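Close look at the chain arrangement
Listed below, chain by chain, are the residues.
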Amino acid sequence: MHPYNPNEDLILKPVRKVGMADKFLWAVLGGILLLGIGLYIRQMVMGLGVTGLNRPVYWGVYITDFVFFIGLAHSGTFISAILRVAGQSWRAPLTRAAEAVTLFSLPFGVLAIITDMGRPDRVLNLLFYGRYQSALLWDVTAVGLYLLSSIVFMYLSLLPDIALMRDKLTDLPRWQHRMYEILAIGWQGSLAQFHRLEKTLDGMAIFMTMLVVTVHTVVSWVFGMSLQPGWHTALIGPFFLLGAILSGTCAVVIVLALLRKVYNLEKVLPLRLFNSLRKLLITFTLGWIYMIIAEYLTGAYGNTTEEMHVINSKFYGDFATLFWGMILLVFVVPLVIFLLKGKDNIGWMVFASILVNIGMWIERFIVIVPTEAFPRLLQHLGEGSYLPTYSEVIITISYFAGMALLYAIFTRLFPIIPIWETAEKTVEQMAAEAEAAGLAAPQAAPTDKSVPPVAVPGAAD
Amino acid sequence: MSLTELWVAFYNTAGPGGVVIVIVLVTACLIYWRVTNWIINGGKHDRPHDTHA
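As a starting point, this report considers the structure included with it. Note that residues are indexed from 1 along each chain, following the sequence as it is written. Following the order in which they are written, the chains are lettered starting with A and the ligands numbered starting with 1. The predicted origin of the model limits local features to residues at a pLDDT of at least 70 and limits the giving and counting of side-chain atom pairs to 80 or more, whereas totals for whole chains, interfaces and linings rest on all residues. The basis for every side-chain value is the complete set of heavy atoms in the structure, and neither hydrogens nor water enter the calculation.

1. Description of the overall build of chain B
- Regarding its fold elements, chain B presents 3 helices and 0 strands.
- Along the chain direction, N to C, the helices and strands of chain B fall in the order α-α-α.
- Note on exposure labels: buried denotes an accessible area under 20% of the residue type's maximum, exposed denotes more than 50%, and partly exposed covers the range between, all computed with a 1.4 Å probe on protein chains only. Relative to its full complement of 53 residues, chain B shows a buried share of 26%.
- Of the roughly 3,400 Å² of accessible surface on chain B, 73% is carried by carbon and sulfur atoms. Put simply, DSSP marks the helices as runs of H or I at least four residues long and the strands as runs of E at least two long, and each gets a number from the N terminus on. For the accessible areas, the method is Shrake-Rupley and the probe is 1.4 Å, while residue cover comes only from the protein chains on display.

2. Things to note about helix α4 (residues 74–85) of chain A
Residues and elements named next belong to chain A.
- Between its terminal C-alpha atoms α4 stretches 15 Å, which fits the 16 Å expected from 12 residues at 1.5 Å a residue.
- In terms of burial, α4 is a largely internal element, 10 of the 12 residues being buried.
- For α4, the full list of buried residues reads His 74, Ser 75, Gly 76, Thr 77, Phe 78, Ile 79, Ser 80, Ala 81, Leu 83 and Arg 84.
- Of the surrounding secondary structure, the elements contacted by the buried residues of α4 are α3 (61–72), α5 (95–116), α7 (135–168), α9 (191–224), α10 (236–262) and α11 (271–302).
- Phi for Gly 87, located one or two positions after α4, is positive at around 70°. A helix is expected to reach a length of 1.5 Å times the quantity of its residues less one. Every residue pair with non-hydrogen atoms within 4.5 Å of one another is taken to be in contact.

3. Some words on the pattern of salt bridges
Residue and element names in this part refer to chain A.
- Every case where a carboxyl oxygen of Asp or Glu lies within 4 Å of a side-chain nitrogen of Lys or Arg is listed as a salt bridge. Counted according to the given criterion, the structure contains 12 salt bridges over all chains.
- Of the charged contacts in the structure, one is a salt bridge between Arg 412 and Asp 22, with a shortest N-O distance of 2.8 Å. Here Arg 412, found in helix α16 (residues 390–413), pairs with Asp 22, found in helix α2 (residues 20–46); they are 390 residues apart in sequence, far enough to count as distant.
- Notably, a salt bridge pairs Glu 421 with Arg 84, separated by 3.3 Å at the nearest N-O pair. Highlighted residues: Glu 421 in the loop between α16 and α17 (427–436) and Arg 84 in helix α4, separated in sequence by 337 residues. The residues Glu 421 and Arg 84 share a single accessibility class, namely buried.
- Connected through shared salt-bridge partners, Arg 84, Arg 91, Glu 198, Asp 202 and Glu 421 make up one network.

4. Regarding the packing of aromatic side chains
Residues and elements named next belong to chain A.
- The aromatic pairing rule takes the rings of Phe, Tyr and Trp, using the six-membered ring of Trp, and pairs them if the centres are within 6.5 Å, calling planes under 30 degrees apart stacked, those over 60 edge-to-face and the rest tilted. Under the defined criterion, the tally for this structure stands at 30 aromatic pairs over all chains.
- Arranged with centres 6.1 Å apart and planes meeting at 35°, the rings of Phe 365 and Tyr 386 form a pair that is tilted. Taken as a pair, Phe 365 in helix α14 (residues 346–373) and Tyr 386 in the loop between α15 (378–381) and α16 lie far apart in primary sequence, 21 residues in all.
- The exposure class of Tyr 386 is buried, given its relative accessible area of 10%.
- Put simply, the rings of Trp 59, Phe 223, Trp 231, Phe 239 and Phe 240 pair up and form one aromatic cluster.
- Placement of a positive charge over a ring is assigned whenever Lys NZ or Arg CZ falls within 6 Å of the ring centre and within 35 degrees of the normal to the ring plane. Geometry around Phe 240 places Arg 364 over its ring, the cationic atom sitting 5.4 Å from the centre.

5. A few points about the environment of Leu12(A)
- One can find Leu12(A) in helix α1 (residues 8–16).
- If we skip the residues at most four places from it in the chain, Leu12(A) touches Leu164(A), Met165(A), Leu169(A), Pro415(A) and Ile419(A).

6. Side note on the packing of α11(A) against helix α12 (residues 305–315) of chain A
Residue and element names in this part refer to chain A.
- Here α11 crosses α12 at 130°, and the two axes come no closer than 9 Å. Considering their axes alone, α11 and α12 lie oblique with respect to each other. α11 and α12 meet at a crossing whose hand is left-handed. Across from Tyr 296, Gly 299 and Ala 300 in α11, the residues of α12 making contact are Glu 307, Met 308, Ile 311, Lys 314 and Phe 315.
- Amino acids outside the nonpolar list (Ala, Val, Leu, Ile, Met, Phe, Trp, Tyr, Cys, Pro) and the charged list (Asp, Glu, Lys, Arg) are all regarded as polar, and Gly is one of them. Counted by class, the contact of α11 with α12 contains 5 nonpolar, 1 polar and 2 charged residues. Fitted lines through C-alpha atoms serve as axes, helices being fitted only where they are in contact, and the angles separating the N-to-C directions of these axes extend from 0 to 180 degrees. Note on terminology: angles under 35 degrees are roughly parallel, angles over 145 are roughly antiparallel, angles of 65 to 115 are roughly perpendicular, and the others are oblique. With the far helix as reference, a near helix turned anticlockwise by less than a right angle produces a left-handed crossing, and one turned clockwise produces a right-handed crossing.

7. Considerations on the nonpolar core
- Nonpolar core, defined: a set of buried Ala, Val, Leu, Ile, Met, Phe, Trp, Tyr and Cys residues in which side-chain atoms within 4.5 Å join the residues together. Grouped together as the largest cluster of nonpolar side chains are 147 residues, with contacts concentrated most on Leu246(A), Trp288(A), Tyr407(A) and Ile416(A).
- With 18 residues, α7(A) is the single largest residue contributor to this core.

8. Some details on the environment of Thr77(A)
All names here are of chain A.
- Looking at where Thr 77 falls in the secondary structure, it is placed in helix α4.
- With 24 residues separating them along the chain, Thr 77 and Leu 53 place their C-alpha atoms 33 Å apart.
- Those residues in contact with Thr 77 that sit more than four places away from it in its chain are Ile 82, Thr 102, Tyr 146, Met 208 and Val 212.

9. Examining α14(A)
All names here are of chain A.
- In a regular helix each residue adds 1.5 Å, so 28 residues correspond to 40 Å; α14 covers 40 Å between its end C-alpha atoms and thus fits that length.
- The buried fraction of α14 amounts to 22 of the 28 residues, a majority that puts the element mostly inside the structure.
- Polar contact criterion, stated in full: a pair of N or O atoms within 3.5 Å, where within protein one must be able to donate a hydrogen and the other to accept it, and residues adjacent in sequence count only if both atoms are side-chain atoms. The distance from a side-chain oxygen at the start of α14 to the backbone nitrogen of Gly 347 is 3.2 Å, and the residue carrying that oxygen is Asn 345.

10. Remarks on unusual backbone geometry
All names here are of chain A.
- Note that the residue after Arg 55, namely Pro 56, is joined by a cis bond; omega there is 10°.
- Here Pro 56 shows up in the loop between α2 and α3.
- The residue Asn 264 is not glycine, and still its phi comes out positive at about 50°.
- With respect to the helices, strands and loops of the structure, Asn 264 is situated in the loop between α10 and α11.
- Phi at Asp 344 takes a positive value of approximately 60°, unusual for a residue other than glycine.
- As for its placement among the helices and strands, Asp 344 is situated in the loop between α13 (320–341) and α14.

This is the structure in structure tokens:
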């Protein structure tokens, strides 16, 4: 049995037909991705000399990308898990779009690390010779577990909808229908299955909430556990986390607005959802500026020589333009827009969200590079400088293109709005109505008999 | 070997760190596998009712 959703056809419309415009978009994004892959191969052949990385600035754009993409990945968990735990039912239509942002941004965060390595062939040394003394290993553990859990969390919440497509979209190409059969793993839509699914998702939501805090804290500790000025502070964990949730939620606003426009989903993504997100974003923006003030005031008040080299470079030195630009892009302009223009206006919300994300990328850069340019033991190492090369810039653009490509393909294969979570009548209500009408409650979906459900190996345990 | 020595050895030696990562990820995979089976088994459990449908 499938829950009754009057918007089912509308939500499934993008899955039914792939047009020429889609293929053109995929080709363009795929082309940019291939260009990035080509430049990466060139980097592997010629070495990291093709980048602007040097001594003592060992981490640049790639590590900025890593922190940024991991931050974006927090959107899904925030919308789906944290708001689920908080019992916010308005979040239901947004969950899958947000989870997909998580799913497709995390791999590019991981890729950014590998791109940054001079010897990527040695990546498995982490497993063979890993020493838990290193914060890098904490990172591999946390990010690996987060990626795995995000995939499972999204897959489980997709299960009823995959089964629905298996049962109702029988006119699709054979490979696609077969894919739904396999992925549905025998889901029948019984009451017990729905109960167990809800229970599992509730439990996982609590676990994911814990993970989301852990992951970005651990990411920040890659910096914070070293004794570098500007990094070695206990505040760096919550500072990174709040920035991640802010940029992730803004990414969801951008994605939702695009989906709403392109797939005509105004009915299922009403304006009030954007207004709810607007309130959250006002809170996060204020929280972010609080963290910035706490971080820099603490450092500047101590007035130690090493710390002041870094802070001065940001306030009125080489990085001042980027620093104050970041404040404008993440805080001043978006806050004014959210407060004065954002209500009932998706265009302004999207504009502000784009500014926030550009600003947040700069913020990651500003955290990483100035500290390396003015490192601890400056008198021995000397002042550094860093300017990214075109190779790094294009590879970064290709990450974004790759993420957009995966997202675009996903929206053509799976419903981007959860059908069962936004249903008008749940299976339980439908069963109760059937029982009240004097009929026996149907417990299983009337699946296509020619297509037996695929059983999970070991499911009979 | 005392517990402290064991901890220091674990912390400082190259190798055990990788094992921790593998253990964490494999354990998570197993738990998620079992949970997925448990959810799907909900349908099998109810199957006798299908005859009424």
